[in-house]
Amino acid sequence: MNTTIDLRSDTLTQPTQAMRAAMMNAPVGDDVFGEDPTVNQLQDTVATLLGKEAALFVSSGVMGNQLAIKLHSQPGDEVICDADCHIFNYESGAGAVLSGLQFQTISSNRGILSASQIEAAIRPGAYWEPQTRVVALENTHNKAGGVVYPLEKIHAIANVVQNHHLAFHLDGARLWNASIATGLPEATYAAPFDTVCVCLSKGLGAPVGSVLVGRKELIEKARRYRKMWGGGMRQVGFLAAAGLYALEHHRERLAEDHRLAKKLAEGLGELGTFDIEPEKTETNIVMFGTRNQPAKEILASLLKEGIKMVAFGSFTIRATTHIDISEGQIDKTLTIMKRLFT
Ligand code: TLP
């Protein structure tokens, strides 16, 4: 039996037996012809959940985000985003390569930008400047430690975006977590945005897939680029079925991931060895500072005990709870960390 406690990411989950059965039994068709009934059902379900006209199933969060910023821009345009966001830091420079974009990054307070910061970053429009075209936010914010974007901040930013006729994109890889944490529906968060990308392969526990939502004409355009980028898949309903199953059965249980993340954060706080503010753990991501000890040394000691976490900087470690992490494993992690690090 595998006794590893793998807290590196909520992307590491194994499909449950019930999810595997749903995948095996899915009716499928050729999705390039638009004839996969399970994909169509998933797209309709997610569009409805997020209150948008249309949706497109894509292979990954990266593909969804990159399609979105492509739709909204021309080469040479600029995207405004926070300096720690996924689109800028962890998508292999795709915005520059696939869309010829440049990014203006802004230092944020734990991933959250203010409307005035964004207003100040928008280019006045001289011909020698890049044109500001897109503002992109991330909810929940990964690198900041699963921070939920406050709705009033989103609305204030949306106002600025509208006044300047910009496009507004949300990387909602973990929007499900934000909604469970606050009780606000996903559609409420999604409403001010032109496009939103949500992931099925993070906390929801599906093996593959993300969904891009927006107005019908935008999603039709995204379908063309998805094909151009080699992302047109055929009988892909097997994967969409996992997403549908996850939406039905794994959304509510995210509250349990949040509870365990909080327990882990509080336990780490009690050790007194790390920089962590447990009250700021809102969802399923625990980010802590390692003070003077390099993160890689701590990770190596943990690995010897069968515990996996991941570095998010030389002195920062991330631990993520998910469907394959039990309360017993969190307790064991804390016991071992107390022994190793106090
Ligand atoms: N995040 C991964 C790593 O890439 C860091 C993780 O382990 O958390 N947006 C956000 C906010 C994400 O956290 C991720 C994945 C993505 C987009 C990309 O999703 P995929 O991996 O499906 O392309």
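Coordinates for the structure precede this section.
Calculation criteria
- Numbers given for residues are sequential positions, taken from 1 along each chain in its written order.
- For this predicted model, a pLDDT threshold of at least 70 governs which residues receive local features, and a threshold of 80 or more governs which side-chain atom pairs are given and counted, while totals over whole chains, interfaces and linings are taken from all residues.
- Excluded from the side-chain calculation are hydrogens and water; included are all heavy atoms of the structure.
- Here a residue is near a molecule or strand as soon as one of its heavy atoms is found within 4 Å of it.
- Think of a polar contact as two N or O atoms within 3.5 Å of one another; within protein, one of them needs to be a possible hydrogen donor and the other a possible acceptor, and neighboring residues in sequence only count if both atoms come from side chains.
- Only strands joined by at least two bridges in the DSSP assignment are considered to pair.
- A run of DSSP states H or I qualifies as a helix once it reaches four residues; a run of E qualifies as a strand once it reaches two. Both are numbered from the N-terminal end.
- Where helices are involved, their axes are fitted lines through C-alpha atoms of the stretch in contact, as for all axes, and angles between N-to-C directions lie from 0 to 180°.
- Note on definitions: a residue-residue contact is assigned when non-hydrogen atoms from the two residues lie within 4.5 Å.
- We define a salt bridge as a contact between a side-chain nitrogen of Lys or Arg and a carboxyl oxygen of Asp or Glu at a distance within 4 Å.
- Burial classification: accessible surface area is computed with a 1.4 Å probe over protein chains only, and a residue below 20% of its type maximum counts as buried, one above 50% as exposed, and the rest as partly exposed.
- For Phe, Tyr and Trp, where Trp contributes only its six-membered ring, two rings pair if their centres lie within 6.5 Å, and the inter-plane angle classes them as stacked under 30 degrees, edge-to-face over 60, or tilted in between.

## Some points on the site of the ligand
Ser9, His86, Asp171, Arg174 and Arg318 are the nearest of the 14 residues found near the ligand. Residue aspartate 171 places a side-chain N or O atom 2.7 Å away from a nitrogen atom belonging to the ligand. Within the side chain of lysine 202, one N or O atom sits 3.0 Å away from an oxygen atom of the ligand.

## Points about the sheet that holds strand β6 (residues 167-172)
What the seven strands build is an open sheet, ordered β2-β8-β7-β6-β5-β3-β4; its pairing is mixed. A single partner strand is all that each edge strand has here, and the edge strands are β2 (54-58) and β4 (102-106). The sheet shows a mean angle of 20 degrees between the axes of neighbouring strands, direction not considered. As judged from the five bridges shared by β2 and strand β8 (residues 210-214), these two strands associate in the antiparallel manner. From the neighbouring strand, alanine 54 faces β8, where its bridge partner is glycine 214. Together, β2, β4, β5 (132-138), β6, β7 (195-199) and β8 form the strand contacts of helix α3 (residues 61-71), whose direction differs from that of β7 by roughly 175 degrees.

## Some points on the pattern of salt bridges
Using the criterion set out here, one finds 19 salt bridges in the structure. For aspartate 257, the salt bridge goes to arginine 253, with nearest N and O atoms at 2.5 Å. Note on aspartate 257: relative accessible area 0%, which makes it buried. Salt bridges sharing common partners tie together Glu256, Arg259, Lys263, Glu327 and Asp331.

## Considerations on the pairing of β6
With six of six residues buried, β6 is to be regarded as a mostly interior element. Of the two faces of β6, the one carrying Ala167, His169 and Asp171 and the one carrying Phe168, Leu170 and Gly172 are both buried. Bridging between β5 and β6 involves five bridges; their strand directions are parallel. Residue pairing in the sheet places glutamate 138 in a bridge with aspartate 171 of β6.

## Describing the packing of aromatic side chains
Tallied over the full model, the rule gives seven aromatic pairs. Ring geometry for phenylalanine 88 versus phenylalanine 103: centroids 5.8 Å apart, planes at 55 degrees, classification tilted. Here the residue phenylalanine 88 occupies a position in helix α4 (residues 86-89), and phenylalanine 103 occupies one in strand β4, the gap between them amounting to 15 residues. Given the relative accessible area of 35%, phenylalanine 88 is considered partly exposed. Aromatic pair tyrosine 90 and phenylalanine 312: ring centres 5.7 Å apart, planes at 65 degrees, arrangement edge-to-face. On the criterion of sequence distance, the pair formed by tyrosine 90 in the loop between α4 and α5 (94-99) and phenylalanine 312 in the loop between β11 (310-311) and β12 (316-320) is long-range, its members being 222 residues apart. Among the residues examined, phenylalanine 312 registers a relative accessible area of 15% and is labelled buried.

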